[in-house]
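Summary of structural features
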Amino acid sequence: MAGGSTSGGSVKADTYAGVRHWLLAPSWLVLLTVVVGPLCIMLIYSFLTKEFRGGVVWEFNLAAYDKFFFDRGLFGDEAPRIEWTYISIYWRSILQAAIATLVSLLIGFPTAYFIATRPTTSRALWVFLITIPYWVNLLIRTVSMKFLLRDQGPLNAFLLSTGIIDQPLTIVNTDVAVQLGLFYSYLPFMVLPIYAAVEQYDHRLSEAAADLYASRWIALRRVILPAVKPGVIAGCILVFVPSLGSFLAPDLLGGARNFMIGSLIEDQFKGQAGDWPFGAAASMILLSMVLIVLIVAARRQARAKAAGGEV
Amino acid sequence: MNTESPIAIDVRDAVKRYGEFTALKKISLSIKDNEFFTLLGPSGCGKTTLLRMIAGFEDVTEGQIYLYGDEIEGLPPNKRPVNTVFQNYALFPHMSVLDNVGFGLEMRGASKSDARRRGGEVLELVQLSQFAKRKPSQLSGGQQQRVALARALAPQPKVLLLDEPLSALDLKLRKAMQIELKHLQRETGITFIFVTHDQEEALTMSDRIAVMSAGELQQLGKARDIYERPHNKFVADFIGETNLLEVSVDKIDNGHAICHLGGGHSLTCNAVDGIDVGTRVHISVRPEKLFTSDAPSGVESLKGIVKENIYLGTDLSTIINLDEGPDFTVRTSNSERGNKRIFEPGAQVFVNMEMGAARLLVD
Amino acid sequence: MSSSKTDVRRYPGFLSVTLLCLLVLYAPLVIVGIYSFNASNSITSWDGFSLRWYAEVFTGSESEKFKIAAWNSLFIAIIAASCATILAVLAAMAIIRGGQFRTRQISQGLVSLPLMVPEIVTAVATLIFFNAIGFSRGHMTIIIAHIAFCVPFAYMPIAARMQGVEDSYEMAAMDLYASRFQAFCRILLPLMIPGIISGFLLAFIISMDDFLITNFVKGAGVETLPTAIFGAVKQGIKPNIMAISTMLLGLSIIIVSLSYIVSKFDNTK
């Protein structure tokens, strides 16, 4: 592993080098048993056979994955056809998460840039304002959003009273509501990394660009954006990944017609479906997708760093 | 050499390796009791590594370090009777100045009140008694520096290690602190080991200087020796300003070497061991050892044309190009300029020097 | 002061977007806050100011259920956040102050793993884990899952603070005859206090707020506030839910503000 100084700060500090294994032992123990171990068990469960009251029978097979990808008819004896139900749920989830990410970026970038260019004294306060909602219970925020967007809710009441619309807008239980909910859930995740990147950005570069006849918007595209790209990518990942597996926003705002991955998985364990191996398999597929996104991003970052040297 | 004073620190064949990289290549040196000793060299030369090895923050890969005759390798820093003044001072930000100074005493078993009382005495020594209650962040850089000094001196260490402690101060304050440090060393009688990359600072303060480069000891000696009689090209170049010329040795005769400078010019200087006829070596001539005139004068005279005069305040620096040969820089003190002629660019002059001004260097 | 024309840092419209952003973030919360004081039985019409729904929360038919859920949440959050904070401090000491070692990168990855795995996947995995080892679900399963999930949140501010504390302080302490343990207690720990408090508070909020994992690993009949609220919301948004939400909102804001003030607090001045 090269250097390792990227995220750990000064590697030189070695005050506790002699006891580091004892210091790490508790977190290794907890995280290996409660996070890594369970993920491995989940992988095993995805190859087991379902029991009807929930739970599993210890017989290994590929039934869960087969159910995900292929339709073999009601009695399982027909020629396999591609099963679109689940693939389309995943596809819709990717699409919803992508739209939420894009909207977050469009709103989040100017916000982050604006905050980062405030005087240092008021900057902390702006950041604080942006982060507060994140620390408010996600469930409460989602419920609040639903309350606001209802057909008879305050938003519609306001729009009707101003005469902008003459019929209440139906937002809840549509894709738009889910996207709004996701955007609302994870917006601070977009703002904060971009803010951190812009804060590091040397604004004399913009002055140099302006001096060399670049307009403000060209400077933004040609000078600022390339410089803060790592922050933008980090922000997109931080919004996209949790959106992909989110449960509350699609469940509360999307309704039954707008099923997303989170609801599909939840249904296998807490709902009517009760198919644990299938839920485990669906989780594995989601986890793999997330890992691919993370690995690709990490690779690109490593390559950019190797090509451009340390910033 | 004064053989009576005991050896405070004795470094024997010390080697420090970090994986593939060798930071120190077999260094041996002895630092005498009650000495102001300076480790001088450019950054990355290993001087700080050596200091940290003496303090106990780095282990020694090979070799030994003795403190007043006892081997200290393997002892953690808190078991070594040496204290450090850190480059960034490392004053504990959450403690008052007085608690900082008393910390070492307290750790050595003194009661809190004892530590405070004696800490107060040391604070007095550095004239900071009135700031005892303040936090370090409320002091100026120079004051913080003195607190760091007081803190390291309070437990009365056998050896005080100073890691570029003046580098963060501005020029005037630095000059004042250099003298204060020197006085403090004489008053306390503690051995000081001072690390710096500033050759002027080293010359000002030190009893002896060890010049280091690339993990090796280049020369060890008194300030005057190092400046006047550099052993090699690195030392001559690093300490002060010099005319460093590549020459070939034409003849060695009766302890004198005649060196060819190019363009038909030659120079006679004292021969040194390890130099043979025909080899290409370097000679160093300090610019202030040269003087100009319109007719040959002194033991050696070289003819050339003035290229440029550079006014330096105290001195005038004149660059002279020898006919078809190398450039020479000549420094003339402005105080004496009244009776010296200034040659304008383009004028023909002679560069003169006395015997011994040019020194042959082994690489 | 440069005018907007000459200041290249300024982009027209960015202020409006920022204000829009804040509006979107705060409007739902503010509106729910307002409606929680509604005197009306219906959530749609405004019938004047009243505290009846707050009274309902503490005395109404569902009050017992929410009271137990609130105590459960508090109890679990305090234990989980405390454990996570201790784990995070120890891990940060090894990762930030343990020099370079082979498992350093992996340890860092491991500590932040719960952030990278989607929460629903963690929830499923933890449920399956407890099921596989035959651990019956109840308070204990929630606490264990929360400890693991809270570690990265406690770790982030703690590690950031530790990185901000130069190691030369501890070196200076050891140079002045302090043992490693004394250097930790007298130098590093006091300087770390703001980071540790922030870490604890963030872990506490995360545990208090968690719905998904709790919902998966909780035993039958064990409810925390979020699961109780979710259950109630499934039957429709009622005014008493808005009152509870507003109180939780207030609590979150108080804790975050505390954490913010603590992180700005500097015991070196």
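What you see is a predicted model, and the numbers here were worked out from it, not measured in a lab.

Section: the overall build of chain C
- Helix and strand content of chain C: 11 helices and zero strands.
- Listing each helix as α and each strand as β along chain C from the N terminus yields α-α-α-α-α-α-α-α-α-α-α.
- The principal-axis extent of the C-alpha atoms belonging to chain C is close to 70 × 70 × 30 Å.
- The contacts of chain C with a sequence gap of at least 6 include a subset with a gap of at least 24, amounting to 73%.
- As displayed, chain C offers around 10,600 Å² of accessible surface, 68% of which is attributable to carbon and sulfur atoms.
- Between the averaged position of the 18 positive side-chain charges in chain C and that of its 14 negative side-chain charges there is a distance of 4 Å.

A look at the domain arrangement of chain B
Residues and elements named next belong to chain B.
- Parsing chain B into structural domains produces domain 1 (7-233) and domain 2 (243-361).
- One C-alpha centre belongs to domain 1, the other to domain 2, and the line joining them spans 40 Å.
- Taken together, the contacts link eight residues of domain 1 with seven residues of domain 2.
- Between domain 1 and domain 2 lies a buried interface of about 700 Å² when both sides are counted; carbon and sulfur atoms form 51% of it.
- Looking at the side of domain 1 facing domain 2, the largest losses of area belong to Tyr227, Pro230 and Lys233, adding up to 69% of the total buried there.
- Along the contact surface separating domain 1 from domain 2 lie one salt bridge.

Quick look at the interface of chain C and chain B
- At the interface, 20 residues of chain C touch 30 residues of chain B.
- Between chain C and chain B, roughly 2,200 Å² of surface is buried when both sides are summed, and carbon and sulfur atoms account for 62% of that area.
- Looking only at chain C, the three residues that lose the most surface to chain B are C:Leu176, C:Tyr177 and C:Arg186, adding up to 36% of its buried area.
- Across the contact surface, chain C and chain B share one salt bridge.
- Between C:Arg186 and B:Glu106 there is a salt bridge, with the nearest N and O atoms lying 3.1 Å from each other.
- Applying the counting rule to chain C against chain B returns eight residue pairs in polar contact (both at pLDDT 80 or more).
- Of all the elements in the fold, those that place two or more residues in the side of chain C that touches chain B are helix 7 (168-175) and helix 8 (180-209) of chain C.
- Split by residue class, the side of chain C that touches chain B holds 11 nonpolar, five polar and four charged.

Looking at the sheet that holds strand 16 (residues 300-311) of chain B
Residues and elements named next belong to chain B.
- With antiparallel pairing, five strands are arranged side by side in an open sheet as 15-19-16-17-18. Each edge of the open sheet is held by one strand with a lone partner, namely strand 15 (290-293) and strand 18 (327-333). Geometrically, the sheet is characterised by an average inter-axis angle of 45° between neighbouring strands, direction not taken into account.

Regarding the sheet that holds strand 6 (residues 82-85) of chain B
Residue and element names in this part refer to chain B.
- The strand order 6-7-8-3-9-10 describes an open sheet built from six strands, whose pairing is mixed. Pairing within the sheet leaves two strands with one partner each, and these edge strands are strand 6 and strand 10 (216-222). Neighbour-to-neighbour, the strand axes of the sheet open up by a mean angle of 20°, direction not taken into account.
- Inspection of the sheet shows strand 9 (residues 208-213) paired to strand 10 by six bridges, in the antiparallel sense. Residue pairing across strands places Val211 opposite Gln219, the latter belonging to strand 10.
- Its contacts with the sheet put helix 4 (residues 141-153) on strand 6, strand 7 (159-163) and strand 8 (191-196), and the angle it makes with strand 6 is roughly 175°.

Let's talk about the nonpolar core
- In terms of nonpolar packing, the biggest core is built from 230 residues, with A:Tyr90, B:Ile9 and B:Ile193 touching the most fellow members.
- If you tally residues by element for this core, the top one is helix 3 (residues 63-97) of chain C, at 16 residues.
- Grouped together as the second largest cluster of nonpolar side chains are 35 residues, B:Tyr89, B:Leu128, B:Ala152 and B:Leu184 included.

Some details on the arrangement of the chains
- Here two pairs of chains are in contact, and chains A and C lead that list by number of contacts.
- Contact between chain A and chain B is absent, and the least distance between their C-alpha atoms amounts to 9 Å.

Reading the values: the criteria
Per-chain numbering applies: the sequence of each chain, read as written, is numbered from 1 onward. Naming scheme: in the order in which they are written, chains are lettered from A and ligands are numbered from 1. Side-chain atom pairs in this predicted model are given and counted only at pLDDT of 80 or more, local residue features only at pLDDT of at least 70, and totals for whole chains, interfaces and linings cover all residues. Only hydrogens and water are removed before side-chain values are computed, so all heavy atoms of the structure are retained for them. A run of DSSP states H or I qualifies as a helix once it reaches four residues; a run of E qualifies as a strand once it reaches two. Both are numbered from the N-terminal end. Contact criterion: two residues are considered in contact whenever any of their non-hydrogen atoms come within 4.5 Å of each other. In these tables, accessible area is a Shrake-Rupley quantity obtained with a 1.4 Å probe, and a residue counts as shielded only by the protein chains included in the view. Neither His nor the chain termini are counted; the positive set is Lys and Arg, and the negative set is Asp and Glu. Note that the charge is assigned to NZ on lysines, CZ on arginines, CG on aspartates and CD on glutamates. Start and end points for every domain follow an automatic or database-based domain assignment. Values labelled buried area give the accessible surface lost by two parts on being combined, using a 1.4 Å probe and summing over both. Every case where a carboxyl oxygen of Asp or Glu lies within 4 Å of a side-chain nitrogen of Lys or Arg is listed as a salt bridge. We call two N or O atoms a polar contact when they sit within 3.5 Å, provided that within protein one can donate a hydrogen and the other can accept it, with sequence-adjacent residues counted only if both atoms are side-chain atoms. Note that Gly is not counted as nonpolar here; it falls among the polar residues with everything else outside the nonpolar set of Ala, Val, Leu, Ile, Met, Phe, Trp, Tyr, Cys and Pro and the charged set of Asp, Glu, Lys and Arg. Paired strands, as defined in this entry, are two strands with at least two bridges between them according to DSSP. For helices, the fitted axis covers only the stretch in contact; all axes are lines through C-alpha atoms, and the angles between them, taken along N-to-C directions, range from 0 to 180 degrees. The nonpolar core is taken to be a set of buried Ala, Val, Leu, Ile, Met, Phe, Trp, Tyr and Cys residues, with the residues joined through side-chain atoms within 4.5 Å. Buried means the residue's accessible area, taken with a 1.4 Å probe over protein chains only, is under 20% of the maximum for its type, while exposed means over 50%, and partly exposed covers the values in between.

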